[in-house]
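Next come the chains, spelled out residue by residue.
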Amino acid sequence: QQPVQSPQAVILREGEDAVINCSSSKALYSVHWYRQKHGEAPVFLMILLKGGEQKGHEKISASFNEKKQQSSLYLTASQLSYSGTYFCGTAGYYGQNFVFGPGTRLSVLP
Amino acid sequence: DAGITQSPRHKVTETGTPVTLRCHQTENHRYMYWYRQDPGHGLRLIHYSYGVKDTDKGEVSDGYSVSRSKTEDFLLTLESATSSQTSVYFCAVLDRVGTEAFFGQGTRLTVV
């Protein structure tokens, strides 16, 4: 029932790009993306809604393929501050059963 | 910030003892969630609530119970703690339009 994420981990140099993928076995109404830094709580990045609406971060983009039940998070020109673990999450229409993937650890090196 | 407070922030307890973790919010959000976080597993949903006295099980609910007698408080109880329940526990709330979740700072629970 948890979404599946790939890759599990990625290491980048500053300025490089990365893509994190999320897929689910069930039909999705929306996909959330969160970032968690070590020792801290997860923080909201963006949400993608069925129908194409997107809300969130200015410098990070994402896509949502409703038919394939997949979402991808695009991190372009990575900054050191992008380091952390990224989680995708899915919930029912009203917010029920809000579950997250296992996470992707991103390390950005100088 | 949804004004979420978790208590306690750290707790060490013995196997077999009951433990209750509290999540308090100040914004009257309807949906509240309890997760546990373990290396390699990400955030796993234990229980969630969609209103006072309205709760449902998540994916790892065995050994846990919850209660919500007031909108602002969501309690997670380990009836008889086991070492496998050693984890970091996060509470979260979903905003009114269902587009953003806010997390508490977490409770680190160690069962010895």
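Refer to the structure above for everything that follows.
Residues numbered from 1 in each chain as written. Chains lettered and ligands numbered in written order. Predicted model: local features only at pLDDT ≥ 70, side-chain atom pairs only at ≥ 80, totals over all residues. Heavy atoms only, no water.

### Quick look at the pattern of salt bridges
Residue and element names in this part refer to chain B. Operational definition: Between Lys or Arg on one side and Asp or Glu on the other, a salt bridge is scored when a side-chain nitrogen of the former is within 4 Å of a carboxyl oxygen of the latter. With a 1.4 Å probe rolled over the protein chains alone, any residue whose accessible area is under 20% of its type maximum counts as buried; one over 50% counts as exposed, and the rest are partly exposed.
Inspection of every chain in the model, using the stated rule, returns 4 salt bridges over all chains. Here Arg-44 and Asp-38 are joined by a salt bridge, their closest N and O atoms 2.9 Å apart. The class for Asp-38 is buried, based on a relative accessible area of 12%. Across the pair Lys-70 and Asp-73 runs a salt bridge, and its minimum N-O distance is 3.4 Å. A relative accessible area of 42% means that Lys-70 is categorised as partly exposed.

### Points about the sheet that holds strand β7 (residues 64-70) of chain B
Strand pairing in a sheet is mediated by backbone hydrogen bonds. Such pairs are either parallel or antiparallel. All names here are of chain B. The condition is simple: When DSSP locates at least two bridges between a pair of strands, those strands are taken to pair. Counting from the N terminus, the helices are DSSP H or I runs at least four residues long and the strands are E runs at least two residues long. In this analysis an axis means a line fitted to C-alpha atoms, helices contributing only their contacting stretch, and an angle means the value between N-to-C directions, from 0 to 180 degrees.
One open sheet accounts for 4 strands, arranged β1-β3-β8-β7; its pairing is antiparallel. Looking along the sheet, the strands with just one partner apiece sit at the ends: β1 (5-7) and β7. Here the average twist between neighbouring strands, direction ignored, is 20°. For β7 and strand β8 (residues 73-78), the ladder comprises 5 bridges, and the chain directions are antiparallel.

### What to know about the interface of chain B and chain A
Defined as follows: Contacts: residue pairs with any heavy atoms within 4.5 Å of one another. Two parts placed together each lose some accessible area under a 1.4 Å probe, and adding up what both lose gives the buried area. Any N or O atom pair separated by 3.5 Å or less is treated as a polar contact, with the protein-specific requirement of one donor-capable and one acceptor-capable atom, and with residues adjacent in sequence counted only for side-chain atom pairs. Under the scheme applied here, ten amino acids are nonpolar (Ala, Val, Leu, Ile, Met, Phe, Trp, Tyr, Cys and Pro), four are charged (Asp, Glu, Lys and Arg), and all others, including Gly, are polar.
Between chain B and chain A, the contact holds 21 residues from the first and 20 residues from the second. Sorting the residues of chain B by area buried against chain A places Leu-43, Thr-99 and Phe-103 of chain B first, and these three jointly supply 28% of that buried surface. For the pair chain B and chain A, the number of links is 0 salt bridges. Viewed at the interface, chain A and chain B are joined by 5 residue pairs in polar contact (both at pLDDT 80 or more). Among the elements that make up the side of chain B that touches chain A, the one with the highest residue count is strand β5 (residues 42-51) of chain B (5 residues). Its residues assigned to classes, the side of chain B that touches chain A shows 10 nonpolar, 8 polar and 3 charged.

### With respect to the state of the cysteines
In plain terms, the rule: For the purposes of this analysis, a disulfide is any pair of cysteine sulfur atoms at a distance within 2.5 Å.
Tallied over the full model, the rule gives 2 disulfides over all chains. Linked covalently through their sulfurs, Cys-22 of chain A and Cys-88 of chain A form a disulfide whose S-S length is 2.1 Å. Between Cys-22 of chain A and Cys-88 of chain A the sulfur-sulfur dihedral comes to about 75°; the bridge is accordingly right-handed. Taken together, the residues span a long stretch of sequence, with Cys-22 of chain A in strand β3 (residues 18-23) and Cys-88 of chain A in strand β9 (residues 84-90) at a distance of 66 residues. Accessibility classification places Cys-22 of chain A together with Cys-88 of chain A in one group, the buried group. Between the sulfur atoms of Cys-23 of chain B and its disulfide mate Cys-91 of chain B the distance is 1.8 Å. One disulfide, between Cys-23 of chain B and Cys-91 of chain B, carries an S-S torsion of -70° and so falls in the left-handed class. One end of the pair, Cys-23 of chain B, is in strand β3 (residues 19-24); the other, Cys-91 of chain B, is in strand β9 (residues 87-94), and 68 residues separate them in sequence. Cys-23 of chain B sits in the buried class, given a relative accessible area of 0%. The class of Cys-91 of chain B is buried, set by a relative accessible area of 0%.

### Here we look at the sheet that holds strand β1 (residues 4-6) of chain A
Residue and element names in this part refer to chain A. A sheet is described by the order of its strands in space; here 4 strands give the open sequence β1-β3-β8-β7, paired in antiparallel fashion. Of all the strands in the sheet, just β1 and β7 (60-65) have a single pairing partner and so form its edges. Within this sheet the neighbouring strands show an average axis-to-axis angle of 15°, counted without direction. Both β1 and β3 contribute to a ladder of 3 bridges, which runs antiparallel. Paired with Ser-6 across the bridge in β3 is Asn-21.

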